[in-house]
Amino acid sequence: MWDAYVAPGLTMRSPEELLARLEEVVGSSYVMMGGAELATPYGTDWTGQYSAMPFAVVRPKNTLEVAEVIKLCRSYGAPIVPVGGRTGLCGGGVPVSEGEGIVVSLERMSAVRSLDQSARTITLEAGVVLQTAQEHALSAGLVFPLTFGAQGSAMIGGALSTNAGGSNVVKYGTTRELCIGIEAVLPDGSVFNSLTGLRKDNTGYDLRDLLIGAEGTLGIITAAVFKLSALPLTRTTGFLSLAALKDAPRVLNALQDRTGGGVEAYEYMPAAAVDVICRAFPETRRPLEAPAETGMFFEVASSRKDDADTGEDGETRLQSMVFAALEDLMEEEIVLDAMIAQSEQQRIDLWSMRESILESITENGPAYHMDISLPLAAVAEFVEAMDADVSEMGFHPLTVGHLGDGNLHYALSAAPGNEWAELPLDRAKEKAFSLLMQLNGSFSAEHGIGQSKLGVMRDLKQDSQLVAMRSIKRALDPDGLMNPGKLIPAE
Ligand SMILES: Cc1cc2nc3c(=O)[nH]c(=O)nc-3n(C[C@H](O)[C@H](O)[C@H](O)COP(=O)(O)OP(=O)(O)OC[C@H]3O[C@@H](n4cnc5c(N)ncnc54)[C@H](O)[C@@H]3O)c2cc1C
């Protein structure tokens, strides 16, 4: 349990008085207390593994109100837990202990402040849902690229605070790379604003970068400016069966080289993952007839008009480029089989299959999920060694991954005939993390640390980095009120 900044002063003083003053700031309808109706949305995280009721939930409507709320909480010693869409997977958006502190929900701050066509940027408040941002950009003929399974609920502030990734980081980068400015309220209640839209601003430490990925421990993000991209005019989407996982980087690079870096998604979906999806969603159509032990879902896109033109053979230029790459790879027996979506519906079906994996694994039974990343060249070594070892221990590995970024979601479930509770989970985790360290991997690729990875953070993060992180936390949040018990492990 993280305790570095939980000083005795953290005890909330005069809670009833604090509530009355919060109501004065945001209005009594936007301060909620206790009651079962708060438990599911605000007292339990998406995984159901972390739950603790906050003392109250406050829903400010603008940055000024957020600043006033923070100042009040500070003066009454009340811990603050910022939340957005509450889809985080690490227990970061719920209090650590029952009745602790104030949840500050950004859901009412859901305005699209502006869209600049010429600069191709969009300024969004923290409570904008990702799908709304995507739709808004699309209506202006542009792309807001952040895409993942929870996009219908996850919000801008949450995505920034976890530095979310998703399925098309291989093309557009993580949330950090998409964001060029932030507005946030710091733990002392002051407002920091870098919503200038400038792409170049080398004027010292970048607070934007500090707040991205800070999981609400250094302040509350209230708005941000993002880069938008040109709308693809054509896409080629498909599913491949590779001879071996070690060849996955070669296939990725061949597709990139042929299409001028057009790969937007390159997702590892081995046969075991497709099986579990088909069990949970029986209407799912398997992309290939024979099970693909090393299945790979991919999408290539281009915003060049020429690439969208159809030739005499009925193929777009982009499709021809993809087919040419695949023909070479098949000749070399690196790619064994391929399915290419022939309609928008087939493309949507492939995407839905990819995005239903987490729900499918959850439905399948108890599982331990790892969100790890590795250098691309080391992915196959990790998967082969782990699969062999954990299978011997009685687990059934269920892996998918944003392979283009070396990001694996490696889940351990019980192999048929084994009881989950009797399996040596600690031994399997130890094996995974020591192998990861040997291969220069990371124990958290895109979901963050929250409460769930504090132990591994303490054990595996470089000491020099932990010391610097604690110093930054102490300097900006000396009372330790911002999202205590998350991200930074005890000394
Ligand atoms: C089905 C499913 C699929 C997913 N797929 C992916 C994926 O592919 N890639 C990926 O990266 N993630 C994925 N996630 C995880 C999750 O959706 C992301 O972490 C998302 O960015 C969280 O956004 P949110 O608005 O729900 O944040 P919340 O869960 O509300 O909060 C997450 C963290 O951010 C903090 N926070 C929230 N808002 C603010 C704010 N305004 N200021 C400061 N701190 C704040 C919270 O305190 C908490 O620590 C998935 C989740 C689900 C359920």
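Conventions adopted
- Residues numbered from 1 in each chain as written.
- Predicted model: local features only at pLDDT ≥ 70, side-chain atom pairs only at ≥ 80, totals over all residues.
- Heavy atoms only, no water.
- Near = heavy atom within 4 Å.
- Polar contact = N/O pair within 3.5 Å; in protein donor to acceptor, adjacent residues only side chain to side chain.
- Areas by Shrake-Rupley, 256 points an atom, 1.4 Å probe, with all protein chains shown as cover.
- Helix = DSSP H or I, 4+ residues; strand = E, 2+ residues; numbered from the N terminus.
- Nonpolar A, V, L, I, M, F, W, Y, C, P; charged D, E, K, R; others polar.
- pLDDT = per-residue confidence, 0-100.
- Contact = heavy atoms within 4.5 Å.
- Buried < 20%, exposed > 50% of the residue type's maximum accessible area, 1.4 Å probe, protein only.
- Arc of directions from axis to C-beta.
- Expected span 1.5 Å × (residues − 1).
- Phe/Tyr/Trp six-rings, centres within 6.5 Å; stacked < 30°, edge-to-face > 60°.
- Lys NZ or Arg CZ within 6 Å of the ring centre and 35° of its normal.
- Pairing = 2+ DSSP bridges.
- Axes fitted to C-alpha atoms, helices over the stretch in contact; angles between N-to-C directions.
- Core = buried A, V, L, I, M, F, W, Y, C linked by side-chain atoms within 4.5 Å.
- Domains from an automatic or database assignment.
- Salt bridge = Lys/Arg side-chain N within 4 Å of Asp/Glu carboxyl O.
- Left-handed = near helix turned anticlockwise from the far one by under 90°.
- Parallel < 35°, antiparallel > 145°, perpendicular 65-115°, else oblique.

### Some points on the site of the ligand
- Near the ligand you find 35 residues, and of these P82, G84, G85, T87 and G88 are the closest.
- A distance of 2.7 Å is found between an oxygen atom of the ligand and a backbone nitrogen or oxygen belonging to G85.
- The separation between a nitrogen atom of the ligand and a polar side-chain atom of E446 is 3.0 Å.
- Summarising the interface, the protein chains cover 95% of the accessible area of the ligand, which totals 980 Å² for the free molecule.
- Secondary-structure elements contributing two or more residues to the shell around the ligand are β3 (80–83), α5 (156–161) and β10 (220–227).
- In terms of residues, the shell around the ligand owes the most to one element, α5, which gives four residues.
- The residue makeup of the shell around the ligand, split by class, is 15 nonpolar, 17 polar and three charged.

### A closer look at the confidence of the model for the chain
- Predicted confidence across the chain gives a mean pLDDT of 94, with 98% of residues reaching 70 or more.
- Confidence drops under pLDDT 50 across residues 1–9; counting only partners more than four residues distant or on other chains, this segment forms 18 contacts.

### Notes on helix α14 (residues 357–364)
- By the burial criterion, the buried members of α14 are I357, S360 and I361. Down the axis of α14, the sector holding all buried residues measures 95°, keeping them to one side.
- Looking at the packing, one finds that the buried side of α14 touches α10 (271–280), α13 (344–355), β16 (367–373), β17 (395–402) and β18 (407–414).

### A look at helix α3 (residues 63–75)
- Between its terminal C-alpha atoms α3 stretches 18 Å, which fits the 18 Å expected from 13 residues at 1.5 Å a residue.
- When α3 is considered as a whole, its buried residues turn out to be T63, E65, V66, A67, V69, I70, L72 and C73.
- Its side-chain oxygen placed 3.3 Å from the backbone nitrogen of L64, N62 serves as the N-cap of α3.
- Of the residues flanking the end of α3, it is G77, one or two places downstream, whose phi is positive at about 65°.

### Looking at the packing of aromatic side chains
- Per the stated rule, a full pass over the model turns up four aromatic pairs.
- Their ring planes at 90° and their centres at 4.9 Å tell us that F297 and W351 sit as a pair that is edge-to-face. One end of the pair, F297, is in strand β14 (residues 294–302); the other, W351, is in helix α13, with 54 residues separating them in the sequence.
- Its guanidinium or amino end placed over the ring of Y42, R86 lies 4.5 Å from that ring's centre, counting from NZ or CZ.
- Here R108 stacks its cationic end above the ring of Y30, 3.3 Å away from the centre of that ring.

### Topic: the sheet that holds β3
- The four strands are arranged β1-β2-β4-β3 in an open sheet whose pairing can be described as mixed. With one partner strand each, in any of the chains shown, β1 (31–33) and β3 form the two edges of the open sheet. On average, each strand axis in the sheet is inclined to that of its neighbour by 25°, with strand direction left out of account.
- Sheet topology places β1 next to strand β2 (residues 56–58); three bridges connect them, and they run antiparallel. Of the residues in β2, the one forming a bridge with M33 is A56.
- Running at roughly 145° to β1, helix α1 (residues 15–26) makes contact with β1, β2 and β4 (102–105) of the sheet.

### Things to note about the nonpolar core
- Counting 53 residues, the largest nonpolar core has Y266 and F382 as its most contacted members.
- For this core, the two domains that each supply at least three residues are domain 3 (234–355) and domain 4 (365–446).
- Ignoring any residue separated from it by four or fewer positions in sequence, one finds Y266 in contact with L242, A248, V251, L252, L255, M296, F297, F298, G401, H402, L403 and G404.
- Listed in part, the 30 residues of the second largest apolar core include I122, L160, F226 and L228.

### Some points on the side chain of D371
- Mapped onto the elements, D371 comes out in strand β16.
- At a separation of 3.5 Å, a polar atom in the side chain of D371 contacts the side chain of H409.
- Among the polar contacts listed, one links the side chain of D371 to the backbone nitrogen of E446, at a separation of 2.8 Å.

### Topic: the pattern of salt bridges
- Counted by the stated rule, this structure contains 27 salt bridges.
- Residue D328 pairs with R258 through a salt bridge whose shortest N-O separation is 2.8 Å. Within this pair, whereas D328 is found in helix α12 (residues 317–331), its partner R258 is found in helix α9 (residues 248–259), the two being separated by 70 residues in sequence.
- Since its relative accessible area comes to 35%, D328 is described here as partly exposed.

### Here we look at the packing of α9 against α12
- Closest axis-to-axis distance for the α9/α12 pair is 9 Å, and the angle between their directions is 145°. Note that α9 runs across α12; the crossing there is right-handed. Seen from α9, the contacting residues are V251, A254, L255, R258 and T259; seen from α12, they are L318, M321, V322, A324, A325, L326, D328 and L329.

### Side note on the packing of α10 against α14
- Relative to each other, α10 and α14 sit at 75°, their axes nearing to 9 Å. The pairing of α10 with α14 is recorded here as roughly perpendicular in orientation. For the pair α10 and α14, contact is made by A273, V276, I277, R279 and A280 and by I357, S360, I361, E363 and N364, respectively.
- Of the residues that constitute the contact of α10 with α14, the class distribution is six nonpolar, two polar and two charged.

### Looking at unusual backbone geometry
- The phi torsion at E333 lies on the positive side, around 60°, for a residue other than glycine.
- Looking at the secondary structure, you find E333 in the loop between α12 and β15 (335–340).
- The residue L487 is not glycine, and still its phi comes out positive at about 70°.
- Examined against the element boundaries, L487 turns out to sit in the segment after α18 (463–476).
- You can call L487 buried: its relative accessible area is 7%.

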